[in-house]
Amino acid sequence: RAVAMSVSHSSRLNKLVREQYMRLPQDGLVQVTYVWIDGSGEGVRCKSRTLNKEPKSIEDVPEWNFDGSSTAQAEGSNSDMFLVPVRMFRDPFCLDPNKLVLCEVLKYNRKPAETNLRHTCKKVMDLVKDSHPWFGMEQEYTLLGINGHPYGWPDNGFPGPQGPYYCGVGADKVYGRDIVESHYKACLYAGVKICGTNAEVMPSQWEFQVGPCEGIEMGDHLWMARFILHRVCEDFGVVATLDPKPMTGNWNGAGCHTNYSTEEMRREGGLKHIEAAIEKLSKRHDYHICVYDPRGGRDNSRRLTGHHETSNIFEFSAGVANRGASIRIPRQVGQDGCGYFEDRRPAANCDPYAVTEAIMRTTVLNETGVETKDYADH
């Protein structure tokens, strides 16, 4: 009974009945689900429409609109916002030929909404495209029951201390693997560049990795992977939270470690370019902390304590194979003399557009200080 009480009512509906309808033919019509980031900068929203034929490219998907006053993105007196399609995926929930479409949000005057951080990220990625930046992001998240308590934890009390849960196997070690494996398959079907998954250090905490992705593709694929995660969790009746510190006390927080390289870092002798980039990052720590969570560093201050495999939020550090540093150079990269490095500071609820843009501004465009340059006129 305790387990049943921790899942949503909707998840207990008879899914076999739903299957009866999902098998009905569509007679050439296509259902397209538009997905966008809402006014919180963290939440995703969606709505669907019918197209007369299957779109073959993003250009075949028309712009649409929505009520921004209901997503904290506009006032009721002028609430229409534009949805501009930017990347298309297969729909793992309604299946082919149906589509999921990620959209940018523009205001009534065609200017980007405040939480549309893709707009400037795309400009920066276009500027630095010759350096061929690759990213891989490690998205940690925690499964919660519908009651807000970590899924599978005792109703009154706590599981045993951390230790046996990371990459664990067994009913007493991991909770919710069905969700994780369903999410993985759904992402593969959709065309999201998911490349792995594992159970994390805190019980009911998991991670999936997306990449390698080049430039703006990183943010697009991670946001769609997040949407698919929330949608899969809806079917199972639980909640996935990206809170960077969902449980206070002696429990690991949740990050979104960001692996990064340029073409010259990946070539022979690239280690010197990695070290040069880290030197630039060391002089701009405060700027990066401000953009690595949606609240200017306040969320990360709960997580980056110098404990539980994190660095201290007030200090920049770097080291080979050091998971307590701001920047980790993998041991293999140190041995090979080329490759990539990992920025361990971004919070689980970061906007990947903001993170990847900031890294490019500092390491390739050589920006310094806390101000950013506007490249719109160049």
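Conventions used here
Residues numbered from 1 in each chain as written. Predicted model: local features only at pLDDT ≥ 70, side-chain atom pairs only at ≥ 80, totals over all residues. Heavy atoms only, no water. Helix = DSSP H or I, 4+ residues; strand = E, 2+ residues; numbered from the N terminus. Rg over C-alpha atoms; globule rule 2.2 N^0.38 Å. Buried < 20%, exposed > 50% of the residue type's maximum accessible area, 1.4 Å probe, protein only. Contact = heavy atoms within 4.5 Å. Areas by Shrake-Rupley, 256 points an atom, 1.4 Å probe, with all protein chains shown as cover. Lys, Arg positive; Asp, Glu negative; His and termini not counted. Charge placed at Lys NZ, Arg CZ, Asp CG, Glu CD. Domains from an automatic or database assignment. Buried area = accessible area lost by both parts, 1.4 Å probe. Salt bridge = Lys/Arg side-chain N within 4 Å of Asp/Glu carboxyl O. Polar contact = N/O pair within 3.5 Å; in protein donor to acceptor, adjacent residues only side chain to side chain. Phe/Tyr/Trp six-rings, centres within 6.5 Å; stacked < 30°, edge-to-face > 60°. Lys NZ or Arg CZ within 6 Å of the ring centre and 35° of its normal. Expected span 1.5 Å × (residues − 1). Core = buried A, V, L, I, M, F, W, Y, C linked by side-chain atoms within 4.5 Å. Disulfide = S-S within 2.5 Å.

What about the overall build of the protein chain?
Part 1 of the argument: When its secondary structure is counted, the protein chain shows 11 helices and 13 strands.
Part 2 of the argument: Over its C-alpha atoms the protein chain spans a radius of gyration of 21 Å, differing by no more than 12% from the 21 Å that the globule rule assigns to 378 residues.
Part 3 of the argument: The buried share of the protein chain, reckoned over its 378 residues, is 51%.
Part 4 of the argument: By sequence separation, contacts in the protein chain at least 24 residues apart represent 66% of the contacts at least 6 residues apart.
Part 5 of the argument: Surface exposure of the protein chain reaches about 17,800 Å², of which carbon and sulfur atoms provide 51%.
Part 6 of the argument: The averaged location of the 50 negative side-chain charges in the protein chain is 2 Å from the averaged location of its 44 positive side-chain charges.

Some details on the domain arrangement of the protein chain
Part 1 of the argument: Considered domain by domain, the protein chain is made up of domain 1 (9–115) and domain 2 (125–364).
Part 2 of the argument: The three residues of domain 1 that bury the most area against domain 2 are Glu-42, Phe-89 and Phe-93, which together make up 31% of that side's buried surface.
Part 3 of the argument: Taking the shortest distance from any N to any O, the salt bridge between Glu-42 and Arg-295 comes out at 2.8 Å.
Part 4 of the argument: In this structure, the connection of domain 1 to domain 2 is made through six residue pairs in polar contact (both at pLDDT 80 or more).

Regarding the packing of aromatic side chains
Part 1 of the argument: Within this structure, the stated rule accounts for eight aromatic pairs.
Part 2 of the argument: Note on Tyr-141 and Phe-208: the rings are 6.0 Å apart at their centroids and 50° apart in plane angle, and the pair reads as tilted. Of this pair, Tyr-141 sits in strand β6 (residues 134–144) while Phe-208 sits in strand β8 (residues 205–214); the two residues are 67 residues apart in sequence, bridging distant segments of the chain. Each member of the pair, Tyr-141 together with Phe-208, is buried.
Part 3 of the argument: Ring pairs connect the aromatic residues Phe-135, Tyr-260 and Phe-341, which therefore count as one cluster.
Part 4 of the argument: For Lys-47, the ring lying beneath its charged end belongs to Trp-64, and the centroid distance is 4.1 Å.

Topic: helix α4 (residues 177–190)
Part 1 of the argument: Taking 1.5 Å per residue as the helical rise, α4 with its 14 residues ought to reach 20 Å, and the 20 Å between its terminal C-alpha atoms agrees with that figure.
Part 2 of the argument: Close packing links the buried residues of α4 with β4 (80–90), β6, β7 (194–199), β8 and α5 (217–236).
Part 3 of the argument: Gly-191 sits one or two positions beyond α4 and adopts a positive phi of about 95°.

Section: the environment of Arg-90
Part 1 of the argument: Residue placement: Arg-90 occurs in strand β4.
Part 2 of the argument: Accessibility expressed as a relative area gives 33% for Arg-90, which makes it partly exposed.
Part 3 of the argument: Taking the C-alpha atoms as reference, Arg-90 lies 37 Å from Leu-281; in sequence the two are 191 residues apart.
Part 4 of the argument: If sequence neighbours within four positions are ignored, Arg-90 has contacts with Asp-96, Asn-98, Leu-100, Tyr-189 and Ala-190.
Part 5 of the argument: Within the structure, Arg-90 has its side chain in polar contact with the side chain of Asp-96 (distance 2.6 Å).
Part 6 of the argument: At 3.2 Å, the side chain of Arg-90 and the backbone oxygen of Tyr-189 are in polar contact.

A closer look at the nonpolar core
Part 1 of the argument: Among the nonpolar cores identified, the biggest contains 72 residues, and Tyr-141, Leu-143, Met-224, Ile-228 and Phe-341 are the most heavily contacted of them.
Part 2 of the argument: Excluding residues that lie within four positions of it along the chain, Met-224 makes contacts with Val-35, Phe-89, Leu-100, Val-101, Leu-102 and Val-192.
Part 3 of the argument: Ranked by size, the runner-up nonpolar core spans 14 residues in total, among them Val-32, Tyr-34, Met-81 and Val-101.

Re the pattern of salt bridges
It is possible for side chains of opposite charge to pair when their charged atoms get near one another.
Part 1 of the argument: Overall, the coordinates contain 26 salt bridges when judged by the stated rule.
Part 2 of the argument: A salt bridge links Asp-38 to Arg-45; the nearest nitrogen and oxygen atoms lie 2.9 Å apart.
Part 3 of the argument: The closest approach of N and O atoms between Glu-279 and Lys-283, which form a salt bridge, is 3.6 Å.
Part 4 of the argument: In this structure Lys-283 comes out as exposed when scored by relative accessible area, which is 64%.
Part 5 of the argument: Within the structure, one salt-bridge network assembled from shared partners comprises Glu-42, Asp-243, Arg-295, Asp-299 and Arg-302.

Examining the state of the cysteines
Part 1 of the argument: Scanning the entire structure with this criterion turns up zero disulfides.
Part 2 of the argument: Just so you know, Cys-213 is unpaired, no disulfide at all, and the nearest cysteine sulfur is the one on Cys-195, 8.1 Å from it.
Part 3 of the argument: You can see Cys-233 has no disulfide; the closest cysteine sulfur is in Cys-187, sitting 11 Å from it.
Part 4 of the argument: Judged by its relative accessible area of 1%, Cys-233 falls in the buried class.

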